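The primary structure of each chain is shown beneath.
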Amino acid sequence: MSAPTAHPSRTRPSPSRPPLATPSSRRANLISFSLTVLASLAQGWSLISAGRALGALIEGGAPGEHLASALAAGAVSALAAAGARAVSLGSAAREEAALRRRVLSHLMRLGPARAAQQRTGSTVSVLADGAERVSLYRQTFLAPTIAAGLAPALVLAELGIAVDPVPSAVLALAVVGVPALIIGFHKTLRSSSSGSRRSRARLSAEYLDAIQGLTTLTLARAARRTHERLREAGEGNRRAVMRLLAGNQLVILVTDSLFSLFLISVAAVSAVARLGSGAIGVGDALAIVLTSFVLLEPLDHVGAFFYVGMGGLANQRVIRRILSSSGPGGAAARGPSKAAGAPEPAGPPGPSEAPGEVGPSRAIRLRGASATWGRAEVLHGIDLEVEPGEHVAVVGPSGSGKSTLMALLKGDLLPSAGAVEVNGEALAPGSGAAEQERVRAASALVAQSTWLFSGTIASNLRLAAPLASEDELWEALATANLAQEVRAMPQGLQTLVGERGLGLSGGQAQRVSLARAVLADRPVLLLDEPTSQVDLAGEAAIIEAIERVSAGRAVMTVSHRAGALTGADRVITVEGGRLIATEPGARPGNGAGRGGR
Ligand SMILES: Nc1ncnc2c1ncn2[C@@H]1O[C@H](COP(=O)(O)OP(=O)(O)OP(=O)(O)O)[C@@H](O)[C@H]1O
């Protein structure tokens, strides 16, 4: 869906309010709304009957019929309320998972270019806490609250028809004060709810930054300072939450005590007045006073509104913003951070790499390709051709545009002019997400560092080829120069790696990435500083692995380390965003003169 691009002018408008409801959540809302309305009506009837039963007792009559009616209506009310709760809680759990999946897959479609714009901690906070709050708000709060807001009108109508329309009309006038009260408090507390959400998201982001950058912080002797700052931020967050809760408690206190007292007084005064005038009997007067308790129903939801409601609304705004960002050919994204480059084959194999198909004559072709970050043009009209099987190294001073060239080839950045072609899949200014996906699927990438997911070595390898057999995994590991080391591990392919596992060295992780590239079997291999984070011994093992994995593939390597460039047929130099030279590389039979300018 996404087309991270450096050209805001070529964006297509995306809906500013993407709908969050699904057919099943709408159905659940309708059911819980109807059950809540039924519960209120039955409760109203139960109270009217209870009042009449009491009246019959006081007047020495038989309360039996009214009592039975009160009990039956009470039972219906309790069952309907329980049913509404069960339906909305079940739906909330489903919606929470669905919302998380939707946000996550949207972020994945947007790719690393968009992810680099966000602090990881903020995204995690939205996915974890935010999704839960939004689904609780939408499923357990919204429909019951609307139904509860309607309940007084329904019960008053019931009272007006079955008992006496006059007190019913008087109470109706008193009840309209409730929505006004809710709206007034909403306006007052809205900023503190949004502030509290922002402060929590900021704190999550800062904790995650601190954990991820612990080594840097320790080396820079900044750990204590950071700890102090985080402690203060935590305290600030605690205060914001306490302010929100205090506001919440104040609302509950005001509404529960003052408003309840007011409504009950109005009901009692009008019941006594009607009883005095002889318009109604004792039973009906008691019924009027008792039903006034149902009129307080919306007040039970006011307290929840300031916690569930406003927290849900604040998170809903954030989720909508994410979902509406950078849609197809969408808004400008600043592109991938180098550190965030995921060393994964970028997607499912594209049609052009199907086994047996005749490949295009050029593995990589750039024609007058320019690239822009924001407003600054970084690459200017690059022409370059790389043949299948050819190994090209890209060198140049820092900031000259080497990584930007890689971003074009990875499909993370659209050219601002000209065209980029990888294994016959082309990208041009204004290309859509589908073209981008096909370009991503044409290459495998090994970046500066490899992210290992918590799991086994086998599961990490199968990211690239979910159906690969054990033999195929071993074969890929052998090509990537890692099989011997994995065989020496007691658990072999089942060795746990990632956060919970023993972990692999940086060099071994890079070779896992190369093994994934073998399994993905892409015709083009992009190597972005593949040895920059390992020592010389680690580098030697990776270079050997690259040599084997590269066989039969077009390879483009960006590296500052001379070792990583030794196997190149050709070395091209980028300077000031242009290719200024192309030289034969170190390999015998190199491809001098086979392209570039
Ligand atoms: N994601 C990005 N967002 C904005 N600007 C970027 C981004 N990536 C690179 N740039 C800018 O593009 C220019 C070229 O950077 P690039 O990273 O392509 O150079 P490089 O040759 O790879 O540098 P190095 O050798 O230091 O890695 C720089 O001015 C840089 O600031």
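Keep in mind the model is a prediction, meaning the values are calculated, not measured.

1. Things to note about the overall build of the protein
So, point 1. Counting its secondary structure elements, the protein contains 16 helices and 12 strands.
So, point 2. Burial analysis of the protein (597 residues in total) assigns 46% to the buried set.
So, point 3. Nonlocal contacts in the protein, meaning residues at least 24 apart in sequence, comprise 79% of its contacts between residues at least 6 apart.

2. Points about the UniProt feature "transmembrane region" (unreviewed entry) in the protein
So, point 1. Per the UniProt annotation, the sites labelled "transmembrane region" (unreviewed entry) are residues 141-163, 169-189 and 250-273.
So, point 2. The straight-line gap between the two end C-alpha atoms of residues 141-163 is 32 Å; of that span, 96% is helix and 0% is strand.

3. Some thoughts on the nonpolar core
So, point 1. The biggest cluster of nonpolar side chains holds 71 residues, and the ones touching the most others in it are Ile364, Val394, Leu409, Ala480, Leu514 and Ala515.
So, point 2. A per-element tally of this core places helix 15 (residues 506-520) first, with eight residues.
So, point 3. For Val394, the residues in contact, after removing those within four places along its chain, are Lys402, Leu405, Met556, Thr557, Val558, Ile572 and Val574.
So, point 4. Within the second largest apolar cluster, 57 residues are counted, among which are Val103, Phe259, Ala285 and Leu290.

4. Quick word on helix 15
So, point 1. In a regular helix each residue adds 1.5 Å, so 15 residues correspond to 21 Å; helix 15 covers 21 Å between its end C-alpha atoms and thus fits that length.
So, point 2. Most of helix 15 is tucked away, with 14 of its 15 residues classed as buried.
So, point 3. At the exit of helix 15 stands Asp521, carrying a positive phi of roughly 55°.

5. Comments concerning the packing of helix 1 (residues 23-58) against helix 8 (residues 282-291)
In a pair of packed helices, the angle between the axes and the distance between the axes together describe the arrangement.
So, point 1. Two elements in contact, helix 1 and helix 8, have axes separated by 7 Å at closest approach and are oriented at 145°. Handedness of the crossing formed by helix 1 with helix 8: right-handed. Contacts from Gly44, Leu47, Ile48, Ala50, Gly51, Arg52, Leu54, Gly55, Ala56 and Ile58 of helix 1 reach helix 8 at Val282, Gly283, Asp284, Leu286, Ala287, Leu290 and Thr291.
So, point 2. Broken down by class, the residue content of the contact of helix 1 with helix 8 amounts to 10 nonpolar, five polar and two charged.

6. So, unusual backbone geometry
In terms of backbone geometry, most residues other than glycine have negative phi values and most peptide bonds are trans.
So, point 1. Even without being glycine, Asn423 reaches a positive phi, approximately 50°.
So, point 2. Mapped onto the elements, Asn423 comes out in the loop between strand 4 (417-422) and strand 5 (425-427).
So, point 3. Even without being a glycine, Glu529 presents a positive backbone phi close to 50°.
So, point 4. With respect to the helices, strands and loops of the structure, Glu529 is situated in the loop between strand 9 (524-528) and helix 16 (536-550).
So, point 5. With 21 C-beta atoms packed within 10 Å, Glu529 lands in the buried category.

7. Considering the confidence of the model for the protein
So, point 1. Model confidence for the protein is summarised by a mean pLDDT of 79, while 79% of its residues fall at 70 or above.
So, point 2. Every residue in residues 586-597 scores below 50 in pLDDT, and together they form 30 contacts with partners more than four places removed in sequence or on other chains.
So, point 3. Interface confidence for the predicted complex, given as ipTM, is 0.96, next to a pTM of 0.57.

8. Focus on the sheet that holds strand 4
So, point 1. Taking strand neighbours across the sheet as the criterion, the four strands line up as 2-1-4-5 in an open arrangement whose pairing is antiparallel. Either end of the sheet is taken by a strand with one partner, and the two such strands are strand 2 (376-386) and strand 5. When the angles between neighbouring strand axes are averaged without regard to direction, this sheet yields 30°.
So, point 2. Relative to strand 5, strand 4 runs antiparallel, the two being bridged by three bridges. Of the residues in strand 5, the one forming a bridge with Glu421 is Ala426.
So, point 3. Lying on the sheet, helix 11 (residues 433-441) is in contact with strand 4 and strand 5; it crosses strand 5 at an angle near 130°.

9. What to know about the packing of helix 15 against helix 16
So, point 1. With their axes 9 Å apart at the nearest point, helix 15 and helix 16 run at an angle of 5° to one another. Relative to helix 16, the element helix 15 is oriented roughly parallel. Residues Gly506, Gly507, Gln510, Arg511, Leu514, Ala517 and Val518 of helix 15 form the contact with helix 16, whose own contacting residues are Gly538, Ala541, Ile542, Ala545, Ile546 and Val549.

10. Examining the pairing of strand 6 (residues 443-446)
So, point 1. What you see with strand 6 is no split at all: Ser443 and Leu445 on one side and Ala444 and Val446 on the other are buried throughout.
So, point 2. In the sheet, strand 6 pairs with strand 9 via four bridges, with the strands oriented parallel. If you follow Ala444 over to strand 9, its bridge partner there is Leu525.

Definitions and cut-offs
- Residues numbered from 1 in each chain as written.
- Predicted model: local features only at pLDDT ≥ 70, side-chain atom pairs only at ≥ 80, totals over all residues.
- Helix = DSSP H or I, 4+ residues; strand = E, 2+ residues; numbered from the N terminus.
- Buried ≥ 20, exposed ≤ 12 C-beta atoms within 10 Å, placed from the backbone.
- Contact = placed C-beta atoms within 7 Å.
- UniProt positions renumbered as here; feature names shortened; annotations may be inferred.
- Core = buried A, V, L, I, M, F, W, Y, C linked by C-beta atoms within 7 Å.
- Expected span 1.5 Å × (residues − 1).
- Axes fitted to C-alpha atoms, helices over the stretch in contact; angles between N-to-C directions.
- Left-handed = near helix turned anticlockwise from the far one by under 90°.
- Nonpolar A, V, L, I, M, F, W, Y, C, P; charged D, E, K, R; others polar.
- pLDDT = per-residue confidence, 0-100.
- Pairing = 2+ DSSP bridges.
- Parallel < 35°, antiparallel > 145°, perpendicular 65-115°, else oblique.

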